[in-house]
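What the coordinates show
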Amino acid sequence: VVTDYDDCWLQYDRVDDPDRLSAYRRRCLHAYVSEEGPELRAVRQELRVGLDGLLGREPHLWQHPPRSQDGFLAVGRRDNMEVVRHAVDAAEVDGLDEEGYVLRATEWEGQDCVVVTANTDRGMLFGTFHLLRLLSLGEPIADLDVVEEPRAKERVIDHWDNPFRGSVERGYAGQSIFDWETLPDLRERYWDYARLLASTGINGVVVNNVNTEKPDREGANDAIAGMEGWQLLESENLEKVAALATVFRRYGVRTFLSVNYAAPMLVGDLDTADPLEDDVEAWWKRKADELYERIPDFGGFLVKADSEGQRGPYDYDRDHAEGANVLGRALEPHDGRVFWRAFVYSEHEDRAVQAYETFEPLDGEFHDNVTLQIKNGPIDFQPREPVSTLFGAMPETNVACELQITQEYTGQGVHACSHLPQWEEVLEFDTHGDGEGTEVRDLLVDRAGEGFAGVANVGEDRNWTGHDLAQLNLYGFGRLAWDPTLGSEEVTREWAAQTFGRNPSVVETVTRIQEESWPAVIDYETGGIGLMHMMYNGEARLENHYDPGPEEWPEYTGIAEDGIGLDRTPSGSDYASQYQGPWPARYADPETCPEELLLFFHHLPWEHELDDGTTVIQRLYDNCFEGVEAVRALRERWSALAGTVDERRHRRVAERFDEQVVQAERWRDSLVSYFYEYAGVPDERGRVPLD
Ligand code: GCW
């Protein structure tokens, strides 16, 4: 099928090394795939496309052991394939979870074979994508032996797509790919989207925005307009949701909905949504029954409650556990799950302290099938934040880490900014929650109900993600959710090879560009020592959360004539004391606080000296200027790839880099002038004040 959108990392370019090619052909040109559930249909389809591309020949698909001179690939279970029984012991598969698989090279009746097996069809699907990835990377398979299962059970992608307008909140890749007008008719693109997700190991998708209602109530974020996502729960819309679910199901991905807390009133005709009212409980149960009647493997609900104008249990003086559990009870008989967001804040001296104050006392109160979904940091997806204090503080609660795949605060669809190094930093953080060595990633893999949620960056654009390089954030989210011990660089490298081909120097350059992109953004958008939230937030003239607007937010930077930064130590808001182990003391002392977070925790004089003797103000100037230089260097490196990357994609990215340089200069100039205005200290190198 010819489509008008890109294949991203599923390029399946022909293998060029002749030895490799013949080794692959010998084992994979004939594929014997068992005839079972819907996922195996997806396996066959993927093998057709993938092997055709990689091997340069149409593969032969068999329903019985192929009578070929060569070897073959077998995808199926032990109980109905002899070659699989030969290659894999019963105990090995029995020990696997429902998404795990075994890939193994074997010799069977004189033939060289490769076996993909699992307990479930989903396992075989994930295993097939793993095998195709290895072939795409040109890895040897003669001694293949992989036994793998995902470390985190919940790996969900959250769309902030507004159903009836087709817009995407914080989306920078065009309109929503979901067309609710024409659903239940299915677009080809849905299938390809499901392929992309499954190939990275994602197993859940929330198809609508967490803002399900136009928030014209007090406290509403007026940047958010006109969404009526709550209507998806109405009976007449469920067939649309069910149709999408058939697509995702085939690829092992469960479908979820964001729901409005007041659904019993909006969708139903109750006059309350009080979670302790029997009528409300009964309404949610009926709705859940209706949903599962239509979508037997429905995933469950995602809820943003009491936040930015969305309704919630506080409207009835109930706490968040009471609020979430009524939904949990309704979904429980169906094996459904509630993802309940911890993104709750109100007017408060320091927003950072609030989520912990709200949720930590509720540890142990949430129903088993409720997952508390916590943003990586305490503020809001800023270029860099310390890790949220809720990680490690909720041992009796299932938690998920919410990451932003879309680049709301990191240059949106224009700037190159790989979020993988940022995620790696978050995942490696030692919370000391259960003593030393309790990293964030350890807290997300213990049991069902824990894992990852990522805010999608996908839209109708030809390249899906607006910026071609931003495809990595989608791919990397899935891979790190599957295995959070993978490193950013490793994942970036495999993405680059699958996306731009196996030429080692291209892979190396693209990987370096991606790895260095985030530090550059931090420098020019924040000055690099712990400031954040200095973006433009209005609606006219400039772009919301894209352009600089530091003067709007003095309360987030603590800027004053005597210095800059916020005191979050015991003499200030005391956010630092919410941490465990050595962190409260380490963060509370400017001498031991890591420099990259210094002004997040401290208000310091402009002339305060850092470790190397440089002053705070000078470091801010230097970093802002260096950030721009770093982007110029990235642009140069990309431009040197001309001729080695296909022209269309090369040009698209080159244009974005041109724009990024201009925009980085604007950020730099805006920030340094703002700092200068308060500090009154000129740059030692004569760059500030600006002419
Ligand atoms: O940071 C804010 C975003 C809102 C978003 C909100 C949230 C979906 O600016 O656009 O709303 O976070 O995460 O709920």
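Residues numbered from 1 in each chain as written. Predicted model: local features only at pLDDT ≥ 70, side-chain atom pairs only at ≥ 80, totals over all residues. Heavy atoms only, no water.

Quick look at the sheet that holds strand E4 (residues 101-108)
What counts here: DSSP calls a pair of strands paired once it identifies at least 2 bridges connecting them. Per the convention used, a helix needs a DSSP run of H or I reaching at least four residues, while a strand needs a run of E reaching at least two, with both numbered from the N terminus. Interaxial angles span 0 to 180 degrees and are taken between N-to-C directions of axes, which are lines fitted to C-alpha atoms, for helices over the stretch in contact. Contacts are assigned to residue pairs that have any heavy atoms within 4.5 Å of one another.
With mixed pairing, 6 strands are arranged side by side in an open sheet as E2-E1-E3-E5-E4-E6. Of all strands in the sheet, those bounded by a partner on one side alone are strand E2 (60-62) and strand E6 (145-148). Direction aside, neighbouring strands of the sheet carry axes that sit 20° apart on average. Where strand E3 (residues 72-75) and strand E5 (residues 111-117) come together, 4 bridges link them in parallel fashion. Bridge pairing in E5 places Leu73 opposite Val114. The strands touched by helix H5 (residues 121-136) are E3, E4, E5 and E6; relative to E4, the strand with the most contacts, the crossing angle is about 65°.

As for helix H14 (residues 488-500)
What counts, and what does not: Multiply 1.5 Å by the residue count of a helix minus one, and that product is the helix's expected span. Only protein chains enter the accessibility calculation, which uses a 1.4 Å probe. A residue is then buried if its area is under 20% of the maximum for its type, exposed if over 50%, and partly exposed in between.
Taking 1.5 Å of rise per residue, the 13 residues of H14 would be expected to cover 18 Å, and the 18 Å separating its terminal C-alpha atoms lies within 8% of that figure. Where burial is concerned, most of H14 is hidden: 10 out of the 13 residues are buried. Along H14, the residues that are buried comprise Ser488, Val491, Thr492, Glu494, Trp495, Ala496, Ala497, Gln498, Thr499 and Phe500. Packed against the buried residues of H14 are H5, helix H12 (420-428), helix H13 (471-482), helix H15 (504-526), helix H19 (616-639) and helix H20 (647-679). At the exit of H14 stands Gly501, carrying a positive phi of roughly 100°.

Some words on the pairing of E5
Put simply, side chains in a regular strand alternate between the two faces of the sheet. Burial analysis of E5 places 6 of its 7 residues in the buried class, the great majority of the element. With 7 bridges connecting them, E4 and E5 associate as antiparallel partners. Bridge assignment links Trp108 to a residue of E5, and that residue is Gln111. From the end of E4 to the start of E5, which pair antiparallel, there are 2 residues, and Glu109 there has a positive phi angle of about 45°.

Quick look at the site of the ligand
To be explicit about the condition: Distances are taken per atom, and a residue is near a molecule or strand as soon as one of its heavy atoms is within 4 Å of it. Distance and chemistry together define a polar contact, namely a pair of N or O atoms within 3.5 Å, with one atom able to donate a hydrogen and the other to accept it when in protein, and with adjacent residues in sequence counting only for side-chain atoms on both sides. Using a 1.4 Å probe, the Shrake-Rupley method yields the accessible areas, and only the shown protein chains count as cover for residues. Gly is put with the polar residues, along with every residue not named as nonpolar or charged; the nonpolar set is Ala, Val, Leu, Ile, Met, Phe, Trp, Tyr, Cys and Pro, and the charged set is Asp, Glu, Lys and Arg.
Looking at the ligand, there are 15 residues lining it, with Glu169, Lys304, Lys375, Asp380 and Glu408 nearest. Here Tyr409 contributes a side-chain N or O atom positioned 3.4 Å from an oxygen atom of the ligand. When isolated, the ligand has an accessible area of 330 Å², and the protein chains bury 99% of it. The residue inventory of the shell around the ligand, partitioned by class, reads 4 nonpolar, 3 polar and 8 charged.

Observations concerning the nonpolar core
Test applied: Note on terminology: a nonpolar core comprises buried Ala, Val, Leu, Ile, Met, Phe, Trp, Tyr and Cys residues joined through side-chain atoms within 4.5 Å.
One finds Leu233, Phe248, Trp284, Phe301, Trp340, Trp638 and Phe675 to be the most contacted residues of the largest nonpolar core, which totals 209 residues. Those residues in contact with Trp638 that lie beyond four places of it in its chain are Leu469, Phe500, Val510, Ile513, Val645, Arg649, His650, Val653, Ala654 and Phe657. With 14 residues, the next largest nonpolar core counts Phe72, Val83, Val84 and Val93 among its residues.

Re the domain arrangement of the protein chain
Note the threshold: Domain start and stop points were drawn from an automatic or database domain assignment. When two parts are put together, the accessible area they lose, computed with a 1.4 Å probe and summed over both, is reported as buried area.
Considered domain by domain, the protein chain is made up of domain 1 (18-148), domain 2 (154-485) and domain 3 (522-566 + 603-679). Centre-to-centre separation of domain 2 and domain 3, based on C-alpha positions: 30 Å. Tallying the contact residues gives 24 residues for domain 2 and 22 residues for domain 3. Counting the surface lost from both domain 2 and domain 3, the interface buries some 2,200 Å², and carbon and sulfur atoms represent 54% of this.

Digging into the confidence of the model for the protein chain
Spelled out, the test is: The quantity known as pLDDT measures the predictor's confidence residue by residue, on a range of 0 to 100.
Overall, the predicted model of the protein chain reaches an average pLDDT of 95, with 98% of residues at or above 70. Low pLDDT (under 50) marks residues 217-227, which in the prediction has 30 contacts with non-local residues, meaning those over four places away or in another chain.

Re empty space enclosed by the protein
Operational definition: Grid points spaced at 1 Å over the protein atoms alone were grouped into cavities, where a 1.4 Å probe fits but cannot get out, and pockets, open sets with protein on both sides within 12 Å along at least five of seven lines, with lining residues defined by an atom within 4 Å of a point. Grid points are joined across faces, edges and corners, and a volume is the space filled by probe spheres set on the points.
In this structure the tally under the stated criterion is 10 cavities of 30 Å³ or more. Roughly 130 Å³ of internal volume is contained in the largest cavity. What lines the largest cavity is a set of 14 residues, among which Ala342, Phe343, Ala355, Gly377 and Pro378 lie closest to the centre. If you tally residues by element for the lining of the largest cavity, the top one is strand E12 (residues 370-375), at 3 residues. Of the residues belonging to the lining of the largest cavity, the class tally is 9 nonpolar, 3 polar and 2 charged.

Some remarks on the sheet that holds strand E13 (residues 398-404)
Where strands meet in a sheet, backbone hydrogen bonds hold them as pairs that are either parallel or antiparallel. Ordered in space as E7-E8-E9-E10-E11-E12-E13-E14, the 8 strands form a closed barrel in which the pairing is parallel. Recorded for the sheet is a direction-independent mean angle of 25° between the axes of neighbouring strands. With 3 bridges joining them, strand E7 (residues 154-158) and strand E8 (residues 204-206) adopt parallel strand pairing. Paired with Ile157 across the strands is Val205, a residue of E8.

Here we look at the environment of Asp89
Relative to the elements of secondary structure, Asp89 occurs in the loop between helix H3 (82-87) and helix H4 (90-94). Through-space distance from the C-alpha of Asp89 to that of Arg78 is 8.5 Å; in sequence the pair is 11 residues apart.

Considering the state of the cysteines
To be explicit about the condition: Disulfide: a pair of cysteine sulfur atoms within 2.5 Å of each other.
Taken as a whole, this structure holds 0 disulfides when the rule is applied. Cys417 supplies the cysteine sulfur nearest to Cys8, a cysteine that is in no disulfide, at a spacing of 18 Å. Among the residues examined, Cys8 registers a relative accessible area of 2% and is labelled buried. The closest cysteine sulfur to the non-disulfide-bonded Cys624 is located on Cys417, 16 Å from its own sulfur.

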